[in-house]
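Summary of the model geometry
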Amino acid sequence: MAWEIGRTGDSGLEEEFQKLTARIGAAQHEDGYLNTAFGNPGQEPRYSNLEWGHELYCAGHLIQAAVARLRNHGEDEFTRIARRVADHVCDTFGPGGIERICGHAEIEVALAELSRATGEPRYLEQARLFIERHGQKTLKENGFYYQDDTAVRDAEVLRGHAVRALYLSSGAVDVAVETGDDDLLEAVRRQWDRTVARRTHLTGGMGSQYADEAFGRDFALSPDRAYAESCAGIAAVMTAWRLTLATGDTRYGDMIERIAWNVLSGAVAPDGRSFFYANPLHQRTADPEPPGGQALSHTLAGGHRAPWFNVSCCPTNLARTFAQFAAYVATTDDGGVQIHQFTPCTIDTVVDGSRLALTVETNYPEEGRVTVRVDANEGGSREITFRVPSWAEDVRLTHPDGSVRRITPGAVTVGRIGEFAPGEEIHLDFSVAPRWTRPDPRVDAVRGCAAVEQGPVVLCAESLDFPGGDLDELTVDTAVPRSCATAPSTSPPASTTAPTPGPTAPPRPTTTARPRRSRSCRLDSAPPGDPPRCGCGCPPPE
């Protein structure tokens, strides 16, 4: 709600926010503790079930809502409530207190964000303590699941419960950046690279196992049993964004784009009344419609969107992500603006003390043209930098004077634009023609298959397109020239499905549309000693 109010200024939503604030504040204890499931008469004592109680997890989400409120509104009663919660957490879990962790990471990233928003170093130090306690086996069971088996800085790959692992990684990046801990930052980069190269589906979906909602072993990526929880997609975007800010490496922006188009955009039904908990890439037969009027077990996720699951973390998580997605589109520094995601928008900001306003026009990903128009430039020389996706071909940059420059994927900067006049334009063009993507041969489940991608979108074959046919028997001829005429149609990503298809069947034969997953096409993401293949399994360069 805090992000959406900031985005829209909706007065009705603001009124509801104020009512919720009063209700939440009434439940807060004098020492700042805030949870209605523990610590009251007839309930378990506070922090008696750190493995599964989610007390610190819930506190973390409250604190993140307060950060959104601070950024969009400023301090008010809600942010004061959240700060009292944060102070309580520091008092209770600081040195000499309960020196353990929460079974579900989230408090780490929340405290780091709150420290950045308020300037309070105590919150950052507590986030650092929680990060360092992972691996000390302070929880009672199954440390692997909770990322309590190995210290964050010693781990080689993301493992265990996918959402937990990615929230923890996000917090670790924040702590590393704010404290100047290069070793911790490099540890997360190492884990991310190996996970993308070996444990991530074609659509960017993370967490291949229904069991424990967890990352599987390397290359265990069955398309029809892919879990790829919607919340894991959100958590992966959170981690990738922080790595983008920390390093400037465009690989992470590529992954945000892939997840956004193939996991998140189709996760909620167009009417907003049902959602995907899991996002498999391949469905062999059409599932029956889920029963109405009851919550489904998450083990039955997939096939159709459902109105509700027993655990329904995804809808609120998706809502906050969509409400704040504009924050992932562009960044600034003292030199200019960096555009990370392509969407129609206006960017009106201050660069080195002076206003710079831009309008971005595009029909991406249906078309590969992005136009940036300068609306105002009140300062000196400026730069505009684009993220050119790693899969892009035939990339051309047209300057306002009409000169054309051919460029390669990565970060590309348009010279100094201090002399630009309002109304002048820059054009970025690249091909979004369909292309075949082949899997790494070490992924047993899709050996002999091929997928069709168009721009950032992973396409799918659906039963609606083959009336009376059996998609499980579909074969494709990858020698056919790539063209829109020979590839599945590209409707907006909300109706995108996810395969890792091929000579046997591009997945998702149901009549319900859905998202996709991916491995970023980058040779530099493979661990040392591996064959020179990209994460998607594209053939090595000749």
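Conventions and cut-offs
- Residues numbered from 1 in each chain as written.
- Predicted model: local features only at pLDDT ≥ 70, side-chain atom pairs only at ≥ 80, totals over all residues.
- Heavy atoms only, no water.
- Helix = DSSP H or I, 4+ residues; strand = E, 2+ residues; numbered from the N terminus.
- Buried < 20%, exposed > 50% of the residue type's maximum accessible area, 1.4 Å probe, protein only.
- Contact = heavy atoms within 4.5 Å.
- Areas by Shrake-Rupley, 256 points an atom, 1.4 Å probe, with all protein chains shown as cover.
- Salt bridge = Lys/Arg side-chain N within 4 Å of Asp/Glu carboxyl O.
- Pairing = 2+ DSSP bridges.
- Axes fitted to C-alpha atoms, helices over the stretch in contact; angles between N-to-C directions.
- Expected span 1.5 Å × (residues − 1).
- Arc of directions from axis to C-beta.

Here the focus is the overall build of the protein chain. Check the secondary structure of the protein chain and you find 12 helices and 13 strands. Relative to its 542 residues, the protein chain shows a buried fraction of 56%. The contacts of the protein chain with a sequence gap of at least 6 include a subset with a gap of at least 24, amounting to 65%. Put simply, the protein chain shows about 22,000 Å² of open surface, and 50% of that area lies on carbon and sulfur atoms.

Turning our eyes to something else, we now look at the pattern of salt bridges. Evaluated as defined, the whole model comprises 40 salt bridges. Put simply, Arg 46 and Asp 31 hold a salt bridge, and the shortest N to O gap is 2.6 Å. Of this pair, Arg 46 sits in the loop between α2 (11-26) and α3 (55-72) while Asp 31 sits in the loop between α2 and α3, placing them 15 residues apart in sequence. Here the salt bridges share partners, and the residues they tie into one network are Glu 113, Arg 116, Asp 174, Glu 178 and Arg 242.

Taken in spatial order, the six strands make up an open sheet running β3-β4-β5-β10-β7-β8, and their pairing is antiparallel. The sheet terminates laterally at β3 (345-351) and β8 (404-407), the two strands that pair on one side only. Each strand of the sheet is rotated relative to its neighbour by a mean of 20°, with strand direction disregarded. Examined bridge by bridge, strand β5 (residues 369-377) and strand β10 (residues 425-431) share five bridges and lie antiparallel to one another. Each bridged residue has a counterpart across the sheet, and for Val 370 the counterpart in β10 is Leu 428.

Moving on: the sheet that holds strand β11 (residues 434-437). Read across the open sheet, the three strands follow the order β11-β12-β13; overall the sheet is antiparallel. The strands lining the two open edges of the sheet, one partner per strand, are β11 and β13 (457-458).

Between Tyr 364 and Pro 365 the backbone carries a cis peptide bond, its omega angle lying at 5°. For Ala 228, which is not glycine, the phi torsion reads 45° and is therefore positive. For Ala 228, the position within the fold is in the loop between α9 (182-198) and α10 (230-247). Taking the relative accessible area as the measure of exposure, Ala 228 reaches 0% and is therefore buried. Notably, Asp 352 is not glycine yet its phi reads approximately 50°, a positive angle. The residue Asp 352 is located in the loop between β3 and β4 (354-362) in this model.

Attention shifts here to the pairing of β10. Burial within β10 is extensive, with five of its seven residues counted as buried. Bridging between strand β7 (residues 393-398) and β10 involves four bridges; their strand directions are antiparallel. Bridge pairing in β10 places Thr 398 opposite His 427.

Turning our eyes to something else, we now look at α2. Compared with an ideal rise of 1.5 Å per residue, which puts 16 residues at 22 Å, α2 spans 23 Å between its outermost C-alpha atoms and is within 8% of the ideal. Residues Glu 14, Phe 17 and Thr 21 constitute the buried set of α2. The buried residues of α2 occupy an angular sector of 50° when the element is viewed end-on, so they sit on one face. Looking at α2, the residues exposed on the side facing more than 90 degrees away from the buried face are Ala 22, Arg 23 and Ala 26. Check the buried side of α2 and you find it contacts α1 (2-8), α3 and α4 (77-93).

Just distances and angles here, no functional claims.
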